[in-house]
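# Structural features, examined
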Amino acid sequence: MSDFSDAARGGLSKSELEAVLRQVGHERYHNRHPFHHRMTGGDLSKAEMQAWALNRYCYQAVIPRKDAMILAHAEDPAFRAAWRKRIEDHDGEDGWSGGIARWLHLATSLGLDAEAVKSERLALPATRFAVGAYLSFCTNRTLLEAVASSLTEMFSPLIIGERVPAMLAKYDYITEDTLAYFSRRPEQASRDADFALAYVLGHADTAERQQQAIDALVFKCDILWAMLDALQHAYGEPANIPPGAFRPEAA
Ligand SMILES: O=C(O)c1cc(C(=O)O)c2c(n1)C(=O)C(=O)c1cc(C(=O)O)[nH]c1-2
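All values reported here derive from a predicted model rather than from experimental measurement. (Residues numbered from 1 in each chain as written. Predicted model: local features only at pLDDT ≥ 70, side-chain atom pairs only at ≥ 80, totals over all residues. Heavy atoms only, no water.)

The next subject is the environment of T178. Assignment of secondary structure puts T178 in the loop between α9 (156–170) and α10 (181–203). Exposure remark for T178: the relative accessible area of 3% places this residue in the buried category. Along the backbone, T178 and A107 are 71 residues apart, and their C-alpha atoms lie at a distance of 8.1 Å. Those residues in contact with T178 that lie beyond four places of it in its chain are H105, L106, S109, L110 and Y173. (Helix = DSSP H or I, 4+ residues; strand = E, 2+ residues; numbered from the N terminus. Buried < 20%, exposed > 50% of the residue type's maximum accessible area, 1.4 Å probe, protein only. Contact = heavy atoms within 4.5 Å.)

Structural data, given as structure tokens:
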């Protein structure tokens, strides 16, 4: 396992920087998390699956807001034209015909109440803090760092490829319809990650900026990791459900 805090020392070529970024994902992406392994191993209770969907809704809901922050920081119209597709993917034409609506469908297919999910009231405190940290990172850091923080999407087709077949095989209450959200994501994520990676490789033109890009991706892996830590701590064995958070009987 690497400490990436000094990875750009002396400056890297574009291909070396790309290799470091891919190594960050290889070592730190949330497909390495025990909660993900329990999910793909068929070991989650239905309550844990519901808690995952309910908490993950908060992440989905913040994505277009952080992308709007990125748009606001971008001075190049061509950049904005490319990046705004991400907001359209999540919000759809009318707010409820894109990815957020499909995530809500996933949650309600698991038996959750749509209004309870949308209210985010029952999410874990750590989920709220993690998601809020992502939004403020993209608000307060440079455009390069915000774009680099989206590069976890380079690895999301991998985790989706692990998750979807396992969920269909191991949980009898999960169907293709439940998981419709994921059918479009790998293609969208590859398009978005290719664009973001080209931007980062083109704009991280000093050792300092390269290190900022690496740190941003490490930070984002930490966000995703912290969200699964919180789920495991709250709903795994023994359960430690914080006051006010989702309880299975209240679903
Ligand atoms: O299923 C996943 O594990 C996963 C991971 C990620 C990610 O790596 O950030 C995203 C998504 N899904 C996703 O659906 C999504 O729309 C998305 C947007 C972003 C981003 O940072 O802009 N990440 C992700």
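Our next topic: empty space enclosed by the protein. Throughout the structure, instances matching the rule amount to four cavities of 30 Å³ or more. Along the walls of the largest cavity sit 26 residues, with R56, Y59, E153, S156 and R185 positioned nearest its centre. Secondary-structure elements contributing two or more residues to the lining of the largest cavity are α3 (46–73), α4 (77–91), α9, α10 and α11 (207–235). Classifying every residue of the lining of the largest cavity by side-chain character gives 10 nonpolar, six polar and 10 charged. Approximately 100 Å³ is the volume attributed to the second largest cavity. If you list the elements that add at least two residues to the lining of the second largest cavity, you get α3 and α11. Each residue belonging to the lining of the second largest cavity can be placed in one class, and the counts come to six nonpolar, two polar and two charged. (1 Å grid on protein atoms, 1.4 Å probe; cavity = no way out; pocket = protein on both sides within 12 Å on 5 of 7 lines; lining within 4 Å. Points joined across faces, edges and corners; volume = space filled by probe spheres on them. Nonpolar A, V, L, I, M, F, W, Y, C, P; charged D, E, K, R; others polar.)

It is possible for side chains of opposite charge to pair when their charged atoms get near one another. Counted according to the given criterion, the structure contains 12 salt bridges. For R9, the salt bridge is made with D6, and the minimal N-O distance between the two is 3.1 Å. A relative accessible area of 41% means that D6 is categorised as partly exposed. When the shortest N-O distance is used, the salt bridge between E48 and R38 registers 2.9 Å. Here the residue E48 occupies a position in helix α3, and R38 occupies one in helix α2 (residues 34–40), the gap between them amounting to 10 residues. Where salt bridges share partners, they join R86, E153 and R185 into one cluster. (Salt bridge = Lys/Arg side-chain N within 4 Å of Asp/Glu carboxyl O.)

Moving on, we get to unusual backbone geometry. Put simply, E237 and P238 share a cis peptide bond, and its omega is -10°. Here P238 lies in the segment after α11. Of note, E120 is a non-glycine position whose phi angle comes to about 60°, a positive value. Its place among the elements puts E120 in the loop between α6 (114–119) and α7 (125–140). Residue E120 is classed as partly exposed on the basis of its relative accessible area, which comes to 26%.

Moving on, we come to α4. Compared with the 21 Å implied by 1.5 Å per residue over 15 residues, the 21 Å span of α4 between its first and last C-alpha is a close match. The complete set of buried residues in α4 reads F79, W83, R86, I87, D89 and H90. Among the structural elements, α3, α5 (99–109), α8 (143–149) and α10 are those in contact with the buried residues of α4. (Expected span 1.5 Å × (residues − 1).)

Let's shift gears to the packing of aromatic side chains. Using the criterion set out here, one finds 13 aromatic pairs in the structure. Judged by centre distance (5.5 Å) and plane angle (55°), the rings of Y29 and F155 are tilted. Of the two residues, Y29 sits in the loop between α1 (14–28) and α2 while F155 sits in the loop between α8 and α9, which places them 126 residues apart along the sequence. The exposure classification of Y29 matches that of F155, with both residues buried. An angle of 55° between the planes, with centres 6.1 Å apart, marks the rings of Y235 and F246 as tilted. Of this pair, Y235 sits in helix α11 while F246 sits in the segment after α11, and the two are 11 residues apart along the sequence. F246 carries the same exposure label as Y235, and that label is buried. Through a chain of ring-to-ring contacts, three or more aromatic side chains come together here, namely W52, W103, Y181 and F182. The ring of Y173 carries the charged tip of K46 above its face, separated from the ring centre by 4.8 Å. (Phe/Tyr/Trp six-rings, centres within 6.5 Å; stacked < 30°, edge-to-face > 60°. Lys NZ or Arg CZ within 6 Å of the ring centre and 35° of its normal.)

So, about the site of the ligand. Taken together, 22 residues sit near the ligand, with Y29, Y59, Y134, Y181 and K220 positioned nearest. T152 is positioned with one of its side-chain polar atoms (N or O) 2.8 Å from an oxygen atom of the ligand. One nitrogen or oxygen atom from the side chain of Y181 is found 2.6 Å from an oxygen atom belonging to the ligand. The fraction of the free accessible surface of the ligand (470 Å²) that becomes covered by protein chains is 99%. When each cavity is represented as a set of grid points, the ligand is found to reside in the largest cavity. Counting residues per element, the shell around the ligand draws most heavily on α3, which supplies five residues. Partitioned by chemical class, the residues of the shell around the ligand number nine nonpolar, six polar and seven charged. (Near = heavy atom within 4 Å. Polar contact = N/O pair within 3.5 Å; in protein donor to acceptor, adjacent residues only side chain to side chain. Areas by Shrake-Rupley, 256 points an atom, 1.4 Å probe, with all protein chains shown as cover. Sits in = over half its atoms within 2 Å of the grid points.)

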